[in-house]
There are 2 protein chains.
Amino acid sequence: MNAPTQTSHLMPELHLREVPDSLIEGLKARFGVNCSTAMAVRTQHGRDESSFDAPPPSAVVFAESTQDVADAVKLASEHSVPVIPFGVGSSLEGHLLAVQGGISIDVSRMNRVLSVNADDLTVTVQPGVTRKQLNDEIKSTGLFFPIDPGADASIGGMTATRASGTNAVRYGTMRENVLALEVVTAGGDVIRTGTRAKKSSAGYDLTRLMVGSEGTLGVVTEVTLRIYPLPEAVSAAICSFPSIEAAVRTTIETIQLGVPIARVELIDVNTVRMVNTYAKLNLREEPMLLMEFHGSPAGVKEQAETVQELASGHGGNAFEWASTPEERTRLWTARHNAYFAAVQSRPGCRVISTDTCVPISRLADCLLDSVAEADASGIPYFLVGHVGDGNFHFGYLLDPNIPEERVKAEELNHSLVSRALALEGTCTGEHGVGLHKMDFLVTEAGVGAIDMMRTIKRALDPKNIMNPGKIFAL
Amino acid sequence: MNAPTQTSHLMPELHLREVPDSLIEGLKARFGVNCSTAMAVRTQHGRDESSFDAPPPSAVVFAESTQDVADAVKLASEHSVPVIPFGVGSSLEGHLLAVQGGISIDVSRMNRVLSVNADDLTVTVQPGVTRKQLNDEIKSTGLFFPIDPGADASIGGMTATRASGTNAVRYGTMRENVLALEVVTAGGDVIRTGTRAKKSSAGYDLTRLMVGSEGTLGVVTEVTLRIYPLPEAVSAAICSFPSIEAAVRTTIETIQLGVPIARVELIDVNTVRMVNTYAKLNLREEPMLLMEFHGSPAGVKEQAETVQELASGHGGNAFEWASTPEERTRLWTARHNAYFAAVQSRPGCRVISTDTCVPISRLADCLLDSVAEADASGIPYFLVGHVGDGNFHFGYLLDPNIPEERVKAEELNHSLVSRALALEGTCTGEHGVGLHKMDFLVTEAGVGAIDMMRTIKRALDPKNIMNPGKIFAL
């Protein structure tokens, strides 16, 4: 087999725009050492956790304030040069790649928790605060921020991609939990959207227009979030099932009954095996649900009994329970290690992660057909899912030296997304569109809705400088 | 005292545009008897529950399908004539008034429940379905749609105003419960937003841009909603308090503790008196909370005990409980009759209703100062509130023959809204902006955010024909 010209990376379509020296000089004059053109810095800011590659941005501005962001955007706007906001770089679909050139605005130094309003169950943070940092800083209040996308992502990035994760089945996604924003617009103006009131009918919902807009409409510089009382009681359990279908049916019935389960994660048998090897566990090598219940002691007990009964109706094996934080951590090890265990199971591999979400009644159909296809493909994979929301991820483990594997994996993903759309689902439950899902979005949303998105984009960013080339082509 | 030239109604600023005969002829040719120019029909469609008056629309089209709506909008667009969607006419802030002339599109005949997906806890309806009709039609599934704004509003209208009401503290508002929409755009095109998947990161959140846009960006022709399992147990209670402050403090602590209370409504002593007279009840004449708890029998008991303890800490009197539907209906009579009881208490009066919402910790401050001002004004009023969300309504009862009362009431409202905004709240929790809150919205959102709303409006409706003159001036 000939060595492929392009080994491990998919090259997105590039339309590089000129970044004039005068802009770089202007940025250096304004930001001094906080504007870097060092190749290592640029390279680090020109990629994310996707397997795409593109030339790096021409410069990176380390913003330390809203004013910094506004000034950087204004300078870029004067030169019609793209700006790409950067948090911790954990996005998955190519969101951070400078496919039209431009500069990166790194907001990771804007990492202060600005105010904690424990009495109102709200908190206001700068965009560079990560979710773990936030939870550390508010721990003493007895409150917590539930959204957990896996990575220790920045709140700004989570806002931009409308992130969710394991707790969303109970607490909602960033859509439900962002109350208000400060945003630097494409013109470099600073606007505020929303208030700290829990609800409002005051005009267009700019907050939710910004949430999930992937940096294409503005740079988020402040986020007000809902936070929640730490539950009085927390109980976690794992349960093995004779088949994925049995695990999924249990989940579907749990949701349909209205059990307020806080987490319900599917781990397929491949993943269990990988985790056993990686973390030296001896979990039963069967599909597994990891569950967590939040509430009063009596409430947690009641929820758990209900789900246990549903599980045993589907051949679920004895629950293993954990009520102390240490025991819970141990149980959740399997889920938290899934990605690393998978990567380690095929040394040198790259991962392509899928991310569909379907109405809960369609979950078994969507999952089982996709598992059958993945099994037939011969490509190693793992499967995990926030199945209570109908959301799941295949991770295809590719040998970068075998380009056919990428082709096959993309075919599997295409088939999976098409199936999800046919079942009234979405092409991305939580990762966002980025570069990777642009075609799927057209299929999902239809030309009319995409045209409406384009019209909004053109109106709010007439020079097309805000993270251009993402979500849809203009 | 001289008779005022304008007695009972506030006249909004008018910028009437020409409605050419050729448009009316075109509509008659297309819609036959479903296009009416009868004055009685036009008059009925040119007002809502606000106390504003404007000349009626030039014609009313009774749409029976999405195609009807699209064709009516296209014809109007060709002539640059405004279109105003009409459901049941229960909006409160002048949303339906033809302040720039135009035609009304009545969608009340589009009143079919299109599909009930009980397994997914979703339902898809036409916009003319009312919330009570929806709940009647899905009763047999064991599911219900919780949003209850008081009036038996249409789902289309509730979508347009981002309605909420008594159950929102537990189940959220239309913002959280609309999953997907079909919308006729200003150009007469039909687009779809969202899917039936519970969550998605697929592009701009057009669904939530449309929710609350008050007909200014498009006409909603189909709505997919979340529905919920009827709770296993429901228990309602009333509790009287020595002061409004005591009732509000009890509410604040309930929310801060994370008790998942389903309803918590404040009724002030004025309202209790009015309801006692109107409905021949003998409720204790003190401020009162009406509460409802949903859950398992044990969960409901536990919630109720917690709240009872909090209430007694604030001098709350013995709870009166109701667990059967009949008893619950009796208890809720006080709340449901509040408006009619108030109107009857001052024969011939008109009501100006306020609608602010503040972060829960600010609720006592906002409410108590506003009560003091209302008491000092001498204007009769009633006060009810969805206090669990920090949202409440004063209803000022005006003698239409005393114009000074309207001036005073508007001053009270102005003072109330200013107070709410200073306390980080919103000028409208659930009624919308319409005509009445346009100035307040500018104060709340700031010029930058309003400009962004305007830019979106101009881009999506370049001829400014979709319910023009509402939310903000262009």
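Fair warning: this is a prediction, and the values are worked out from it, not measured in the lab.

J.: Before we move on, could you go through the overall build of chain A and cite the residues and values that matter?
T.: Scanning chain A from N- to C-terminus turns up 16 helices and 19 strands. Taken against the 2.2 N^0.38 rule, which gives 23 Å for 474 residues, the C-alpha radius of gyration of chain A at 22 Å falls within 12% of a compact globule. Its C-alpha atoms give chain A principal-axis dimensions of roughly 70 × 65 × 45 Å. The burial tally for chain A puts 63% of its 474 residues in the buried class. When the accessible surface of chain A is split by element, carbon and sulfur atoms take 51% of a total near 16,600 Å². Taking the average location of the 41 positive side-chain charges in chain A and that of its 56 negative ones, the two points are 3 Å from each other.

J.: If you had to explain the relation of the copies chain A and chain B to someone new, which residues and values would you point to?
T.: Mapping chain A onto chain B calls for a rotation angle of 180° and an axial translation of 0.0 Å; the resulting RMSD is 0.0 Å. Such a combination of rotation and displacement between the chain copies is what one expects of a two-fold axis. Looking at the interface residues of chain A, 100% of them are also at the interface in chain B, so both copies use one shared face.

J.: Give me the domain arrangement of chain A: which residues, what numbers.
T.: Residue and element names in this part refer to chain A. Considered domain by domain, chain A is made up of domain 1 (21-106), domain 2 (113-229) and domain 3 (233-422). Placing a centre on the C-alpha atoms of domain 2 and another on those of domain 3 gives a separation of 27 Å. Across the boundary between the two partners, domain 2 contributes 9 residues, which contact 13 residues of domain 3. Between domain 2 and domain 3, a total of about 870 Å² is buried, with carbon and sulfur atoms accounting for 48% of that surface. The three residues of domain 2 that bury the most area against domain 3 are Thr166, Val169 and Arg170, which together make up 63% of that side's buried surface. Note that arginine 263 and aspartate 148 form a salt bridge whose closest N and O atoms lie 3.0 Å from each other. The tally of links from domain 2 across to domain 3 stands at 7 residue pairs in polar contact (both at pLDDT 80 or more). Here the side of domain 2 that touches domain 3 takes 4 residues from helix H6 (residues 168-171), the largest share from any one element. Residues that form the side of domain 2 that touches domain 3 fall into these classes: 4 nonpolar, 3 polar and 2 charged.

J.: Outline the packing of aromatic side chains, supporting the account with residue identities and numerical values.
T.: Aromatic ring pairs: the centre-centre distance and the angle between the two ring planes describe each pair. Residue and element names in this part refer to chain A. The final tally for this structure, using the stated rule, is 20 aromatic pairs over all chains. Both rings, one in tyrosine 171 and one in tyrosine 228, keep their centres 4.9 Å apart while their planes meet at 70°; by these two values the pair is edge-to-face. Separated by 57 residues along the polypeptide, tyrosine 171 in helix H6 and tyrosine 228 in strand S11 (residues 228-229) bring together distant segments of the chain. Accessibility expressed as a relative area gives 9% for tyrosine 171, which makes it buried.

J.: If you had to explain the nonpolar core to someone new, which residues and values would you point to?
T.: With 182 residues, the main nonpolar core has Leu367 and Tyr396 of chain A together with Tyr396 of chain B as its most contacted residues. Contacts of leucine 367 of chain A, omitting those with residues within four sequence positions, involve Ile244, Val248, Leu266, Leu383, Val387, Phe392 and Phe394 of chain A.

J.: Provide a residue-level description of unusual backbone geometry, including the pertinent values.
T.: All names here are of chain B. Of note in this structure, leucine 121 is not a glycine but carries a positive phi near 60°. We note that lysine 280 has phi near 50°; this positive angle belongs to a residue other than glycine. Mapped onto the fold, lysine 280 is located in the loop between helix H10 (269-279) and strand S14 (288-295). With relative accessibility at 73%, the residue lysine 280 sits in the exposed group.

J.: Which residues make up empty space enclosed by the protein, and what values do they have?
T.: Residue and element names in this part refer to chain A. Evaluated as defined, the whole model comprises 1 cavity of 30 Å³ or more. By volume, the largest cavity is sized at about 30 Å³. If you go around the largest cavity, the residues you meet are Ala160, Met210, Ser213, Glu214, Gly215, Gly218 and Val220. Tallied by class, residues from the lining of the largest cavity come to 3 nonpolar, 3 polar and 1 charged.

J.: Go over the sheet that holds strand S8 (residues 178-184) of chain A, please, and point to the residues and values.
T.: Residues and elements named next belong to chain A. On the basis of which strands lie adjacent, the open sheet formed by 5 strands has the order S5-S6-S10-S8-S9 and antiparallel pairing. The open sheet terminates on both sides in strands that have one partner only, identified here as strand S5 (113-117) and strand S9 (190-193). Here the strands of the sheet are splayed against their neighbours by 10° on average, with no regard to which way each runs.

J.: An account of the interface of chain A and chain B is requested, with residue identities and associated values reported.
T.: The interface of chain A with chain B comprises 77 residues on the first partner and 77 residues on the second. Interface area for chain A against chain B, summed over the two sides, is near 6,100 Å², with a carbon-plus-sulfur share of 58%. In terms of surface lost to chain B, no three residues of chain A exceed Lys199, Ser201 and Tyr204 of chain A, which account for 16% of the buried area on that side. Where chain A packs against chain B, one counts 8 salt bridges. Note that aspartate 389 of chain B is salt-bridged to lysine 199 of chain A, the shortest N-O span being 3.8 Å. The interface formed by chain A and chain B holds 38 residue pairs in polar contact (both at pLDDT 80 or more) in total. Those elements that place two or more of their residues in the side of chain A that touches chain B are H6, helix H7 (174-177), S9, helix H8 (206-210), helix H9 (244-256), helix H11 (297-313) and helix H16 (438-460) of chain A. By residue number, the principal contributor to the side of chain A that touches chain B is H16 of chain A, which donates 12 residues. Here the residues of the side of chain A that touches chain B are counted per class, giving 31 nonpolar, 27 polar and 19 charged.

J.: Lay out a nonpolar patch on the surface with the relevant residues and their values.
T.: Together, Tyr278, Tyr339 and Phe340 of chain A give the surface a local cluster of nonpolar side chains, amounting to about 280 Å² of exposed area. Judged by relative accessible area, tyrosine 278 of chain A falls into the partly exposed class, the value being 31%.

J.: Lay out the pattern of salt bridges in plain terms, naming residues and giving numbers.
T.: Considering all chains together, one arrives at 58 salt bridges over all chains under this definition. The partner of arginine 175 of chain A in a salt bridge is glutamate 176 of chain A, with the nearest N and O atoms 2.8 Å apart. As far as the burial class goes, arginine 175 of chain A and glutamate 176 of chain A line up, both buried. Between arginine 30 of chain B and aspartate 71 of chain B there is a salt bridge whose closest N-O contact spans 2.7 Å. Taken together, the residues span a long stretch of sequence, with arginine 30 of chain B in helix H1 (residues 21-31) and aspartate 71 of chain B in helix H3 (residues 66-78) at a distance of 41 residues. Arginine 30 of chain B sits in the partly exposed class, given a relative accessible area of 33%. It is possible to trace a salt-bridge network through shared partners that takes in Asp120 and Arg196 of chain A together with Arg362 and Glu424 of chain B.

J.: Lay out the UniProt feature "domain: FAD-binding PCMH-type" (unreviewed entry) in chain A in plain terms, naming residues and giving numbers.
T.: Per the UniProt record, the feature "domain: FAD-binding PCMH-type" (unreviewed entry) sits at residues 53-230 of chain A. With 23% helix and 25% strand, the stretch residues 53-230 of chain A has end C-alpha atoms that lie 41 Å from each other.

J.: How would you summarise the environment of isoleucine 147 of chain B if you had to cite specific residues and measurements?
T.: Residue and element names in this part refer to chain B. If you trace the backbone, isoleucine 147 turns up in the loop between strand S7 (143-144) and helix H5 (155-161). Taking the relative accessible area as the measure of exposure, isoleucine 147 reaches 2% and is therefore buried. A C-alpha to C-alpha distance of 22 Å links isoleucine 147 and glycine 94, two positions 53 residues apart in sequence. Beyond its immediate sequence surroundings of up to four residues, isoleucine 147 is in contact with Arg131, Met158, Ala163, Ser164, Gly172, Thr173, Met174 and Asn177.

J.: Go over the packing of H9 of chain A against H11 of chain A with me, naming the residues and quoting the values.
T.: Residue and element names in this part refer to chain A. Relative orientation of the contacting elements H9 and H11 amounts to 145°, with a least axis distance of 9 Å. Seen along the crossing, H9 lies across H11 with a hand that is right-handed. Residue-level contacts link Thr250, Glu253 and Thr254 of H9 to Val307, Leu310 and Ala311 of H11. By residue class, the composition of the contact of H9 with H11 is 3 nonpolar, 2 polar and 1 charged.

J.: Break down the sheet that holds strand S5 (residues 113-117) of chain B for me, with residues and values.
T.: All names here are of chain B. Pairing is antiparallel across the open sheet formed by 5 strands, whose spatial order is S5-S6-S10-S8-S9. The open sheet has two edge strands with one neighbour each: S5 and strand S9 (190-193). Mean inter-strand twist for the sheet, computed between neighbouring axes without regard to direction, equals 10°. Here S5 pairs with strand S6 (residues 122-125) via 4 bridges, running antiparallel. When the sheet's bridge partners are listed, valine 116 is paired in S6 with valine 123. Against the sheet, H3 touches strand S8 (178-184), S9 and strand S10 (219-226), its axis set at about 50° to S8.

J.: Residue-level account of the environment of glycine 212 of chain B, with values.
T.: Assignment of secondary structure puts glycine 212 of chain B in the loop between helix H8 (206-210) and S10. For glycine 212 of chain B, a relative accessible area of 0% puts it in the buried group. Separated by 38 residues in sequence, glycine 212 of chain B and methionine 174 of chain B place their C-alpha atoms 8.5 Å apart. If near-sequence neighbours (up to four positions away) are discounted, glycine 212 of chain B is found in contact with Gly203 of chain A together with Thr159, Ala160, Thr161, Arg162 and Ile471 of chain B.

What counts as what
- Residues numbered from 1 in each chain as written.
- Chains lettered and ligands numbered in written order.
- Predicted model: local features only at pLDDT ≥ 70, side-chain atom pairs only at ≥ 80, totals over all residues.
- Heavy atoms only, no water.
- Helix = DSSP H or I, 4+ residues; strand = E, 2+ residues; numbered from the N terminus.
- Rg over C-alpha atoms; globule rule 2.2 N^0.38 Å.
- Buried < 20%, exposed > 50% of the residue type's maximum accessible area, 1.4 Å probe, protein only.
- Areas by Shrake-Rupley, 256 points an atom, 1.4 Å probe, with all protein chains shown as cover.
- Lys, Arg positive; Asp, Glu negative; His and termini not counted.
- Charge placed at Lys NZ, Arg CZ, Asp CG, Glu CD.
- Least-squares fit on C-alpha atoms with pLDDT ≥ 70 in both.
- Contact = heavy atoms within 4.5 Å.
- Domains from an automatic or database assignment.
- Buried area = accessible area lost by both parts, 1.4 Å probe.
- Salt bridge = Lys/Arg side-chain N within 4 Å of Asp/Glu carboxyl O.
- Polar contact = N/O pair within 3.5 Å; in protein donor to acceptor, adjacent residues only side chain to side chain.
- Nonpolar A, V, L, I, M, F, W, Y, C, P; charged D, E, K, R; others polar.
- Phe/Tyr/Trp six-rings, centres within 6.5 Å; stacked < 30°, edge-to-face > 60°.
- Core = buried A, V, L, I, M, F, W, Y, C linked by side-chain atoms within 4.5 Å.
- 1 Å grid on protein atoms, 1.4 Å probe; cavity = no way out; pocket = protein on both sides within 12 Å on 5 of 7 lines; lining within 4 Å.
- Points joined across faces, edges and corners; volume = space filled by probe spheres on them.
- Pairing = 2+ DSSP bridges.
- Axes fitted to C-alpha atoms, helices over the stretch in contact; angles between N-to-C directions.
- Patch = residues over 30% accessible without salt bridge, like charges linked within 9 Å, V, L, I, M, F, W, Y side chains within 5 Å.
- UniProt positions renumbered as here; feature names shortened; annotations may be inferred.
- Left-handed = near helix turned anticlockwise from the far one by under 90°.

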